[in-house]
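Commentary on secondary and tertiary structure
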Amino acid sequence: MNFLGDIPYGFSKPVMLQQLDVSHNHLTGTLTSLAELLVLTELDISYNLFMGLCVDCCLNCDAGRNFTRCTHSSDKQRGLTKFQTAMVALGTSALMFAVVIGLGFMLQCRKREKHDIVEIYDDKEDGSLFHKVMVATEDLNDKYIIERGSHGTVYKVSLGSIDRLYAVKKLMFGASKEGNMSIVREIETVGKVRHRNLVKLEDFWMRKDYGLILYRYMHNGSLHDILHEVYPPPFLDWSIRGNIALGTAHGLAYLHFDCDPAI
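Worth saying up front: this structure is predicted, and the values here are computed from it rather than measured. Counting restarts for each chain: residues are numbered from 1 in the order of the written sequence. In keeping with the predicted nature of the model, local features appear solely for residues at pLDDT of at least 70, side-chain atom pairs appear and are counted solely at 80 or more, and the whole-chain, interface and lining totals rest on all residues. Hydrogens are left out, water is left out, and the side-chain values use all remaining heavy atoms of the structure.

As for the UniProt feature "transmembrane region" (unreviewed entry) in the protein chain
With numbering matched to this structure, UniProt assigns "transmembrane region" (unreviewed entry) to residues 86–107. Annotation note: span residues 86–107, helix share 100%, strand share 0%, distance between end C-alpha atoms 32 Å. UniProt positions are given in the numbering used here, feature names are shortened, and annotations may be inferred rather than shown by experiment. In this description a helix means any DSSP run of H or I spanning at least four residues, a strand means any run of E spanning at least two, and both kinds are numbered starting from the N terminus.

Written out as structure tokens, the structure reads:
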């Protein structure tokens, strides 16, 4: 039980005690507290740290005390039984097995994560649309910026005609690989969404430190621009405002309830 300290004096109370086994602990001191156990005939105190031998511990081991077992080992380093040795060996083997499994799992996760990112790079980065976007924005030159926000910087992209106007959003990645992969998964999910009340995501590309998301360009700007930035502000009567609110609600309802998985 890994008991520590001296045997309490209270052990002398059960005066009719005949057998006592406190072996394989870390008990110290002497056995003075057992001196009054006059009918004690079997005592096992082996593998502890008691001082002195059994016959010197005030037990009066004379001819009138016929002990069937009175063993003691005062070695500072306790030995191990066969069962304990087997358990230690089993525990060590189990620990090594768990370490090997854990390392294999970590390597597999790293390999899969690296594979996912490289796959996105290979599929998207060398595409002609990506090249055209970078040429049209002169490698994302600041003069093409149309919006800066907490979620990224947006650039206007013109690919030659009014029908080919896009907005590309640049998302900076942080130091967390888990967070970066979460962004990738989210972009992949949103890329599959198609609804007339939601801006269509045309394509996306992952770089080492940032990601690019390509949207259809909204000619009239965002709702925030119309409500707060355009001067003079456009006249929006209650029927127009109602349609805006209803269209927004339809888009949110689609994301929450009709997408699989729901967003």
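Overview of the layout of surface pockets
As a volume, the largest pocket reaches approximately 1,900 Å³. Contributing to the lining of the largest pocket are 42 residues, with Lys 169, Val 199, Tyr 215, Met 218 and Ser 222 lying nearest its centre. Broken down by secondary-structure element, the contributors of at least two residues to the lining of the largest pocket are strand E7 (145–149), strand E8 (152–158), strand E9 (165–172), helix H3 (177–190), strand E11 (210–216), helix H4 (223–229) and helix H5 (238–258). The element best represented in the lining of the largest pocket is H5, accounting for seven residues. Of the residues assigned to the lining of the largest pocket, the class counts are 21 nonpolar, 14 polar and seven charged. The way it works is a 1 Å grid over only the protein atoms, where trapped points that fit a 1.4 Å probe form a cavity and open points with protein on both sides within 12 Å along at least five of seven lines form a pocket, and then any residue with an atom within 4 Å of a point lines it. Grid points are joined across faces, edges and corners, and a volume is the space filled by probe spheres set on the points. Residues are grouped as follows: Ala, Val, Leu, Ile, Met, Phe, Trp, Tyr, Cys and Pro are nonpolar; Asp, Glu, Lys and Arg are charged; all remaining types, including Gly, are polar.

Quick look at the sheet that holds E11
Two strands qualify as a pair provided that DSSP identifies no fewer than 2 bridges between them. Strand order across the open sheet formed by five strands is E7-E8-E9-E11-E10, with antiparallel pairing between neighbours. Sheet topology places E7 and strand E10 (201–206) at the edges, where each strand pairs with a single neighbour. Pairs of neighbouring strands in the sheet enclose a mean axial angle of 20 degrees, with direction left out of account. Where E9 meets E11, seven bridges bridge the pair, whose relative direction is antiparallel. Looking at E11, one finds that Lys 169 is bridged to Ile 213. Working convention: axes come from line fits to C-alpha atoms, limited for helices to the stretch in contact. Angles between N-to-C directions cover 0 to 180 degrees.

So, the packing of aromatic side chains
Aromatic pairing here means that ring centres of Phe, Tyr or Trp (its six-membered ring) are within 6.5 Å. Orientation follows from the plane angle: under 30 degrees is stacked, over 60 is edge-to-face, and everything else is tilted. In the structure shown here, the tally under the stated rule is one aromatic pair. It is Lys 170 that lies over the ring of Tyr 210; its NZ or CZ is 4.6 Å from the centre. A cation over a ring is seen here: Arg 241 above Trp 238, with NZ or CZ 5.8 Å from the ring centre. Should the NZ of a Lys or the CZ of an Arg lie within 6 Å of a ring centre and within 35 degrees of the ring normal, that charge is described as sitting over the ring.

Notes on the side chain of Thr 153
Assignment of secondary structure puts Thr 153 in strand E8. Sequence-distant contacts of Thr 153, that is, excluding residues within four places in its chain, are made with Ile 145, Glu 147, Arg 148, Val 168, Lys 169 and Lys 170. Should any heavy atoms of two residues lie within 4.5 Å, those residues are considered in contact.

A word on the sheet that holds strand E3 (residues 26–29)
The strand order across the open sheet formed by three strands is E1-E3-E5, and the pairing between neighbours is parallel. Two strands in the sheet have a free side with no partner beyond their single neighbour: strand E1 (4–5) and strand E5 (49–50). As defined by bridge partners, E3 adjoins E5 across two bridges and the pair is classed as parallel. Bridge pairing in E5 places Thr 28 opposite Leu 49.

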